[in-house]
Amino acid sequence: MNLSDVPLRPGSAELLPVRGVRALQAFDNRDWVAVEVPVALEFNGIAHAVMLATPTDLADFALGFALSEGILLGRNELYGVEEAYAPEGITLKLDVAGAAFARLKERRRSMAGRTGCGLCGAESLAHVTRALPPLPEGSALSTRVVARGMRELASMQVLQKVTGAVHAAAWCSAEGEALLVREDVGRHNALDKLVGALARSSVAASTGFIAVTSRASFEMVQKTVAAGVPLLAAVSASTSLATAIAEDAGLTLAGFVRGDDLVIYTHPWRLNGLPANA
């Protein structure tokens, strides 16, 4: 796909006046800046979280957030999403099944500002990690397939190419084709949008892998496992907690995926094609 043929999503960026210096010459110009707004999520009328996000693919975001946080156990527990716009931001009003709402109340926590650390507002240490569903075994993939997926993800980052300010997440097929891509100023949000899009799609999540343009934090691992995807490939490093959770969950975790290079932290059996040791 030619990136120049893909238009910017409405509401994803704004042209703003800028001044600067380039090659020792001052300039005045207009430049594209990624849009970031508060997005509140309400479940059955009860406010739950406020995120700073790019206001695109909001239906995917609402569904993906609820699934990856374990509030919904399946897409069928979401009856509808209403988007309410106000000067202060956007409210996503989710109508969810009674069982999901009861689940939410049991583990209620505030998560304002979560695009940074992923733990802001957690009520206790017990809320840091949670029980995750078992992962399907999945098939072994070639390291070349993972490299292709990361290349395709980079080539499809329309908003990033224009603004330089957003992350992206992609679901890639067993051949490395990036079939679903979502962007956002927040790495967690980009992955939540992808999880929602994946749940709405007809693809079998376990047959491919997820590629992300960020580090592999523990929450990126948790969200990938919650989506039923057995392999996460990140352009940057993993952390110790992310590695431990991936190991326990049976997730293959690869980091520093750049060109043909990568580092495998857990469950390397799902990746073949590694050169033999000298």
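Our subject is the structure listed above.
Residues numbered from 1 in each chain as written. Predicted model: local features only at pLDDT ≥ 70, side-chain atom pairs only at ≥ 80, totals over all residues. Heavy atoms only, no water.

K.L.:
Could you give me a rundown of the sheet that holds strand β6 (residues 89-96), with the residues and numbers involved?
P.N.:
Pairing in this open sheet of 4 strands is mixed, and the strands run β4-β3-β6-β5 from one edge to the other. This sheet does not close on itself; its edge strands, each paired only once, are β4 (46-53) and β5 (78-86). This sheet shows a mean twist of 20° between the axes of neighbouring strands, independent of strand direction. Judged from the 5 bridges that link them, strand β3 (residues 37-43) and β6 form a sheet pairing that is parallel. Bridged to V39 within β6 is I90. (Pairing = 2+ DSSP bridges. Helix = DSSP H or I, 4+ residues; strand = E, 2+ residues; numbered from the N terminus. Axes fitted to C-alpha atoms, helices over the stretch in contact; angles between N-to-C directions.)

K.L.:
I'd like a description of unusual backbone geometry, backed by residues and values.
P.N.:
For N44, which is not glycine, the phi dihedral falls at a positive 50°. Mapping N44 onto the fold places it in the loop between β3 and β4. Its identity as a non-glycine residue notwithstanding, H267 has a phi of 45°, on the positive side. By the element assignment, H267 lies in the loop between β13 (261-266) and β14 (271-272). Accessibility expressed as a relative area gives 18% for H267, which makes it buried. (Buried < 20%, exposed > 50% of the residue type's maximum accessible area, 1.4 Å probe, protein only.)

K.L.:
Any details on the packing of helix α1 (residues 58-68) against helix α5 (residues 187-200)? Residues and values, ideally.
P.N.:
Close contact between α1 and α5 brings their axes to 6 Å; oriented N to C, the two are set at 95°. The orientation of α1 with respect to α5, classified from their angle, is roughly perpendicular. Contact residues: α1 offers A59, D60, F61, L63, G64, F65, L67 and S68, while α5 offers N189, D192, K193, V195, G196, A197, A199 and R200. Tallied by class, the residues present in the contact of α1 with α5 amount to 8 nonpolar, 4 polar and 4 charged. (Parallel < 35°, antiparallel > 145°, perpendicular 65-115°, else oblique. Contact = heavy atoms within 4.5 Å. Nonpolar A, V, L, I, M, F, W, Y, C, P; charged D, E, K, R; others polar.)

K.L.:
Give me the layout of surface pockets: which residues, what numbers.
P.N.:
Of the volumes computed, that of the largest pocket is approximately 350 Å³. Lining the largest pocket are 21 residues, and of these L67, L72, L73, A226 and A227 lie nearest its centre. Taken together, the elements giving at least two residues each to the lining of the largest pocket come down to α1, α5 and α6 (218-226). Looking at the lining of the largest pocket, the element that brings in the most residues is α5, giving 3 residues. Its residues placed into classes, the lining of the largest pocket shows 15 nonpolar, 4 polar and 2 charged. (1 Å grid on protein atoms, 1.4 Å probe; cavity = no way out; pocket = protein on both sides within 12 Å on 5 of 7 lines; lining within 4 Å. Points joined across faces, edges and corners; volume = space filled by probe spheres on them.)

K.L.:
Tell me about α5, and please be specific about residues and values.
P.N.:
When the terminal C-alpha atoms of α5 are compared, their 20 Å separation across 14 residues agrees well with the 20 Å that a helix rising 1.5 Å per residue should span. Of all 14 residues in α5, 12 are buried; the element is thus mostly enclosed. Residues of α5 that are buried: R187, H188, N189, A190, L191, D192, K193, L194, V195, G196, A197 and L198. Contacts from the buried residues of α5 go to β4, α1, β8 (167-172), β9 (178-184), β10 (209-212) and α6. (Expected span 1.5 Å × (residues − 1).)

K.L.:
Residues and numbers for the pairing of β10, please.
P.N.:
Residue alternation in β10 divides its side chains into two sets, F209 and A211 and I210 and V212, and both sets are buried. As judged from the 3 bridges shared by β10 and strand β11 (residues 231-234), these two strands associate in the parallel manner. Within β11, the residue paired with A211 across the bridge is A233.

K.L.:
Could you give me a rundown of the packing of α5 against α6, with the residues and numbers involved?
P.N.:
Where α5 meets α6, the closest approach of the two axes is 10 Å, and the angle between their N-to-C directions is 5°. For the element pair α5 / α6, the angle class is roughly parallel. Contacts between α5 and α6 involve R187, H188, L191, D192 and V195 on the former and, on the latter, E219, M220, K223 and T224. Counted by class, the contact of α5 with α6 contains 3 nonpolar, 2 polar and 4 charged residues.

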